[in-house]
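# Close look at the chain arrangement
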Amino acid sequence: LVTLTAMLNAYAQNGHLDEAKFVFDSMKERNLISWNVMLTAFADSGFLQAAKDLYHCMPEHDLITWTAMLVAFASDGQVEQAKRVFDQMDERDLVAWNAMLCAYADNGHLEECKRLFDSMKERNIVSWTVMVTAYSEFGYIRDARILFDRMKEWSLVTWNAMLSAYAQNGQVLEAKKLFDKMDERDAVTWTALMVVYAQNGHLKDAKLLFDRMEHWNLITCNVLLSAYTDSGHIDSARELLESMLERDVVSYNSMLCAYARHGHLEDAWRILELMPEWNLITWSALFSAYAQRGYLEEAMKMLYNM
RNA sequence: CCAUGCAUAUCGCAGC
């Protein structure tokens, strides 16, 4: 049972929902954990209704079930529902409180978020980090920093969150200063710094950083890729894309968008045909490129074919 | 010491 559940979870984590479902359905016995894993898998893939259905089929619920549902509602934008789940829970631990904090923060309810945070009798690093992120996402970088400085202990995620706050606000110097103070760094750290360089016209520095980095992954490459496309270095972008070990829809979208913007519509289509999957961004990138160049008919034809 | 729930990085358009 433990092994199967672990497998189920592995599938779920990697986005293989169908396989996860298959494993779940073929399990002869299940415990609360297996049910919870399946519920989370549905929720993470955006199938809120499936998650709700499963919830009602489950023989029992626990704190984890409730929290998972809370998060599912929140990521669907249903804060009210999330709050209802929260209120109806028999017991709440810190994770549940933090999840509710996030629910408010991610859905634009900064006031509620602050109120909840202030009412918490117990807080941990995650609670504080959620608040740092919340403030920064509403543009209150100073307040985010004040909170950051008031913390008694920090995790790498906390540091990264503060760094991203500066990055998202284009505060290159502050970002670099914070980066230099960090004694532990991971791929997120490096990528965040690269973003601030790339988005403020320091392409050279971004590339330099990329070459000096200690951790890379797909996202890192995507950041450099869009640094190239944003600055019009299409050839460098293409070279990078071709040399990448793995690519995802984001990588292709950046490239496609660059081609489309520069009027290389055939190249854009070539990318489109290369892509294993498309999303909304893919189509709107193509569509707006057509529309902005006055090819309304082409654009409309595309809409039909989607 | 790890089978399940909470925080951090990347792509388009429009809005604020």
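Data block above holds the structure.
Values in this document were obtained by computation on a predicted structure and should not be read as measured data. (Residues numbered from 1 in each chain as written. Chains lettered and ligands numbered in written order. Predicted model: local features only at pLDDT ≥ 70, side-chain atom pairs only at ≥ 80, totals over all residues. Heavy atoms only, no water.)

Within the element layout of this structure, Arg 145 appears in helix α10 (residues 141-150). Those residues within four positions of Arg 145 in sequence are excluded, and the remaining contacts are Met 162, Tyr 166, Leu 178 and Lys 181. (Helix = DSSP H or I, 4+ residues; strand = E, 2+ residues; numbered from the N terminus. Contact = heavy atoms within 4.5 Å.)

Within the structure, RNA strand B sits among 49 residues, and Asn 36, Asn 98, Asn 160, Asn 253 and Ser 284 are positioned closest to it. Each atom of RNA strand B within 4 Å of the protein was classed as base or backbone; sugar and phosphate made up 41%. A distance of 2.9 Å is found between a base oxygen of RNA strand B and a side-chain nitrogen or oxygen belonging to Asn 222. Asn 253 is positioned with one of its side-chain polar atoms (N or O) 2.8 Å from a base oxygen of RNA strand B. Its residues assigned to classes, the surface near RNA strand B shows 25 nonpolar, 22 polar and two charged. (Near = heavy atom within 4 Å. Polar contact = N/O pair within 3.5 Å; in protein donor to acceptor, adjacent residues only side chain to side chain. Nonpolar A, V, L, I, M, F, W, Y, C, P; charged D, E, K, R; others polar.)

This brings us to the state of the cysteines. Under the defined criterion, the tally for this structure stands at zero disulfides. The structure places no disulfide on Cys 102, whose sulfur is separated from the nearest cysteine sulfur, that of Cys 113, by 7.7 Å. (Disulfide = S-S within 2.5 Å.)

With that out of the way, let us pick up the packing of helix α11 (residues 156-168) against helix α12 (residues 172-181). Packing of α11 against α12 brings their axes to within 8 Å, and their N-to-C directions diverge by 160°. By the angle between their axes, α11 is roughly antiparallel relative to α12. As for how α11 packs across α12, the hand of that crossing is left-handed. Of the residues in α12, those touching α11 at Trp 159, Met 162, Leu 163 and Tyr 166 are Glu 174, Ala 175, Leu 178, Phe 179 and Lys 181. (Axes fitted to C-alpha atoms, helices over the stretch in contact; angles between N-to-C directions. Parallel < 35°, antiparallel > 145°, perpendicular 65-115°, else oblique. Left-handed = near helix turned anticlockwise from the far one by under 90°.)

Turning next to the packing of helix α13 (residues 187-198) against helix α15 (residues 218-230). Across the interface, α13 lies against α15 with an axial gap of 10 Å and an inter-helix angle of 5°. Between α13 and α15, the crossing angle belongs to the class labelled roughly parallel. Taking contact as the criterion, the partners of Thr 191, Met 194, Val 195 and Ala 198 in α13 are, on α15, Ile 219, Thr 220, Val 223, Leu 224 and Ala 227. For the contact of α13 with α15, the class distribution of residues is seven nonpolar, two polar and no charged.

What follows is about the packing of aromatic side chains. Under the criterion given, the structure shown has nine aromatic pairs. Ring geometry for Phe 148 versus Trp 159: centroids 5.1 Å apart, planes at 85°, classification edge-to-face. Taken together, the positions of Phe 148 in helix α10 and Trp 159 in helix α11 put the pair 11 residues apart, joining distant regions of the chain. Side by side, Phe 148 and Trp 159 carry an identical accessibility label, which is buried. Note on Phe 179 and Trp 190: the rings are 5.2 Å apart at their centroids and 80° apart in plane angle, and the pair reads as edge-to-face. Of the two residues, Phe 179 sits in helix α12 while Trp 190 sits in helix α13, which places them 11 residues apart along the sequence. Pairwise contacts between aromatic rings join Phe 148, Trp 154 and Trp 159 into one cluster. Directly above the ring of Phe 86 sits Arg 92, whose terminal nitrogen or CZ lies 5.0 Å from the centroid. In this structure, Arg 185 is placed above the aromatic ring of Phe 179, and the distance from its NZ or CZ to the ring centre is 4.2 Å. (Phe/Tyr/Trp six-rings, centres within 6.5 Å; stacked < 30°, edge-to-face > 60°. Buried < 20%, exposed > 50% of the residue type's maximum accessible area, 1.4 Å probe, protein only. Lys NZ or Arg CZ within 6 Å of the ring centre and 35° of its normal.)

Quick look at the pattern of salt bridges now. By the definition in use, this model includes nine salt bridges. The residue Asp 180 makes a salt bridge to Lys 176 at a minimum N-O spacing of 2.9 Å. With Asp 180 and Lys 176 both in helix α12 and four residues apart, this pair spans about one turn of that helix. (Salt bridge = Lys/Arg side-chain N within 4 Å of Asp/Glu carboxyl O.)

Looking now at the environment of Met 300. As for its position among the elements, Met 300 is in helix α20 (residues 296-305). Measuring from C-alpha to C-alpha, the distance between Met 300 and Tyr 290 comes to 9.2 Å, with 10 residues separating the pair along the chain.

Note that every value here comes from positions in space, so none of it alone points to a role or purpose.
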